[in-house]
Amino acid sequence: MTGPDINQPTTQDHRDAAPASSSYHTVYEDWRADPEGFWRRAADNISWVQQPETIFDADAGVYGRWFPDGVLNASYNAVDRHVEAGRGEQPAIIYDSPVADTKRTISYNELLSEVQALAAVIADLGVGKGDRVVIYMPMIPEAVIGMLAVARLGAIHSVVFGGFAAPELATRIEDTEPKLVLTASCGIEPSRVIAYKPLLDEALRLSGSDAATLVLQRPQVTADLVEGRDYDWQEVVDKARDAGRVVPPVPVQATDPLYILYTSGTTGKPKGVVRDTGGYLVALAWTLRNLYDINPGETFWAASDIGWVVGHSYIVYGPLVYGPATLIYEGKPVGTPDAGAFWRVCEEYKVTALFTAPTALRAIRKEDPDSKLLPRYDLSRLRTLFLAGERADPDTVNWAQQTLNIPVVDHWWQTETGWAIAGNPVGLGILPIKTGSSTVPMPGYDVRIVDEGNKEVPADTMGSIIIKLPLPPGCLPTLWKNDERFRSGYLDEFPGAYKTSDAGFKDKDGYIFIMGRTDDIINVAGHRLSTGGMEEVLASHPAVAECAVIGIADALKGEVPCGFVVLKSGVTDNPADIEKQLVARVREQIGPVAAFRLAITVGRLPKTRSGKILRGTMKKIADHQPWSLPATIEDPNSLDEIAEALKSYGL
Ligand code: COA
Ligand code: AMP
């Protein structure tokens, strides 16, 4: 492999020794003036089997492809190259689990040995280049080792978040058609232990899949294994390790998929976001240094879950490729055991940058409003707090800034982009923070605010946020097996641009403010969920005639879903019983992560004369915001009924 000396400053090190002011504007202009030159230099931070000569091919793929003739392996970049650079004894993964009462540090040497052994097992189970492997696992090191072992073989992983129920897992299994599923016997939530295997068995049954499974038995639960289909992880991996099995990394094209990650769309059918290999690693390595201001050898903590994009990019590939230790935390910000948990972890592992969702801070603040637990810990190493995943409300940001006395940096991105569209590039010298703004576009992103006619709007004017094509390296090239859905969902509405489905504005300094989604997606505790998907579940209940789900403001989770249902005429069951059944149904079909706890029976839904449900106005009523009667409403009294129903639920 060819590659950089990863112990040395990188070629894209734009940082001054002590930046007097930010070099952001120069760097952004560098990119604008010569995008290919910019990404060619950034590509030098990655180790290639074959260095790319063509940086961008505008004629390939749906909107062009990055580094089409580059050849590399992601697992090699995340593991082997650090060992080869003499960093084998340094920590790669730090695992801290208050819920399993376990701590473990894994060096790059150990990581290499674990990845090799697991890759050997996975290969023995028939998985090769381009095959899919679903990973349904809790936040334990084996999940990350699994991702890296799959990538080592040039196969494609698809991680499914543990808080999703069997039918959601089944949808993903159906779409990816995996040869193998990696799982564990259980996940551990503070309130309960969740046996994963029965959920997986049900998902395999629902999807009709004949995939093999590799099951890590945790001490808390022993899963039943079916002979010939289910394999005991420890047993087979121990054998491979003891035999000293060596699995060389399989070279793949930079454009080959590294993973598929499903995210909520506006219907119940999630979108399979495809991530290619080369562009992704190039972009992530650039961000570690220039956006997050991290150096190899430090500790970077993204307090998320590997089931989300933040986990893929900043628990797994970003830090491991660039070289800081990464933290896998199996716990919550509060209750495991208290609201000082994050500060304890930051002290214990000398975390230099923490990345979390505003919800986690709201939870900590609720439990410990005066930050009484904070002085117990030495946070002198913590330089920056990064926030993303949902709108960072100014109140929470200000509280965090005052409490921690370090910059609190909001940044905006999506599963689709894989890395920040807008942020405050701390490594380039931090720009002045404007609370409520996720700051400025990152190099690679030409962000515009437009009206419905695709015309740019003036500064400080709300509009739809679009990104001019091509998207930068690392962003999705398409949806899994579905170019058409990619085009119609993202590219058709604003020709020449990618539709983010977020609305917001830019101020006169070019700072970007994200105000909310333009579609039916809501953000619950930083988790992206489809109200359309929940409506499909409610509508499938035999007593429901029609329904609408909206996201309503919640002091902790930002938003929570609330379902309004109209029962079929002739239904004699008690509405309260049906409401309970509906809550249970969403939990069983989508999962506890949906946090669907409110189903409210109403006589009718407010609609326009053409039959469109007035979800926007319903949301304003629920959030106690000013609202006006839409001119096109069919029956003006229907909105009063919604207000009354909410009042009767204490909302
Ligand atoms: N496996 C199984 N169930 C899970 C799960 C997992 N991996 N993760 C969450 N759940 C369950 C929870 O147990 C809970 O179930 P319950 O209804 O029985 O209580 C439900 O899903 C909702 O979970 P969660 O969103 O975590 O809410 P919570 O009330 O348990 O905790 C917070 C609240 C604020 C502490 C929590 O939401 C949090 O830490 N948020 C930060 C989110 C985050 O980091 N997002 C990543 C985007 S960057
Ligand atoms: P996900 O794909 O789960 O990362 O969710 C992406 C969506 O979360 C975006 O389209 C936004 O609506 C929202 N989001 C993410 N980061 C931010 C942020 N910093 N500010 C406001 N909204 C955000």
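Residues numbered from 1 in each chain as written. Chains lettered and ligands numbered in written order. Predicted model: local features only at pLDDT ≥ 70, side-chain atom pairs only at ≥ 80, totals over all residues. Heavy atoms only, no water.

(A) Seen up close, the pattern of salt bridges. One pass over the structure, following the stated rule, counts 42 salt bridges. Residue Asp175 is joined to Lys269 by a salt bridge in which the shortest nitrogen-to-oxygen separation is 3.9 Å. A residue pair is termed long-range when its members are at least 10 positions apart, and Asp175 in helix H6 (residues 166-176) and Lys269 in the loop between strand S14 (257-263) and strand S15 (271-276) qualify at 94 residues. Of the residues examined, Asp175 reaches a relative accessible area of 16% and is grouped as buried. Classification of Lys269 as partly exposed rests on a relative accessible area of 44%. A salt bridge links Glu298 to Arg383; the nearest nitrogen and oxygen atoms lie 2.9 Å apart. Of the two residues, Glu298 is situated in the loop between helix H9 (278-290) and strand S16 (299-302) and Arg383 in the loop between helix H12 (358-367) and strand S19 (384-387); the sequence distance between them amounts to 85 residues. Judged by relative accessible area, Arg383 falls into the partly exposed class, the value being 30%. Bridged by salt links that share partners, the residues Arg32, Asp446, Arg448 and Glu456 form one connected network. (Salt bridge = Lys/Arg side-chain N within 4 Å of Asp/Glu carboxyl O. Helix = DSSP H or I, 4+ residues; strand = E, 2+ residues; numbered from the N terminus. Buried < 20%, exposed > 50% of the residue type's maximum accessible area, 1.4 Å probe, protein only.)

(B) Geometry of the packing of helix H15 (residues 531-539) against helix H16 (residues 575-589). Contact geometry for H15 and H16: axes closest at 9 Å, N-to-C directions at 120°. One finds that H15 runs oblique with respect to H16. Of the two elements, H15 crosses H16, and the hand of that crossing is right-handed. For the pair H15 and H16, the contacting residues are Met534, Val537 and Leu538 in the first and Leu582, Arg585, Val586 and Gln589 in the second. Of the residues belonging to the contact of H15 with H16, the class tally is 5 nonpolar, 1 polar and 1 charged. (Axes fitted to C-alpha atoms, helices over the stretch in contact; angles between N-to-C directions. Parallel < 35°, antiparallel > 145°, perpendicular 65-115°, else oblique. Left-handed = near helix turned anticlockwise from the far one by under 90°. Contact = heavy atoms within 4.5 Å. Nonpolar A, V, L, I, M, F, W, Y, C, P; charged D, E, K, R; others polar.)

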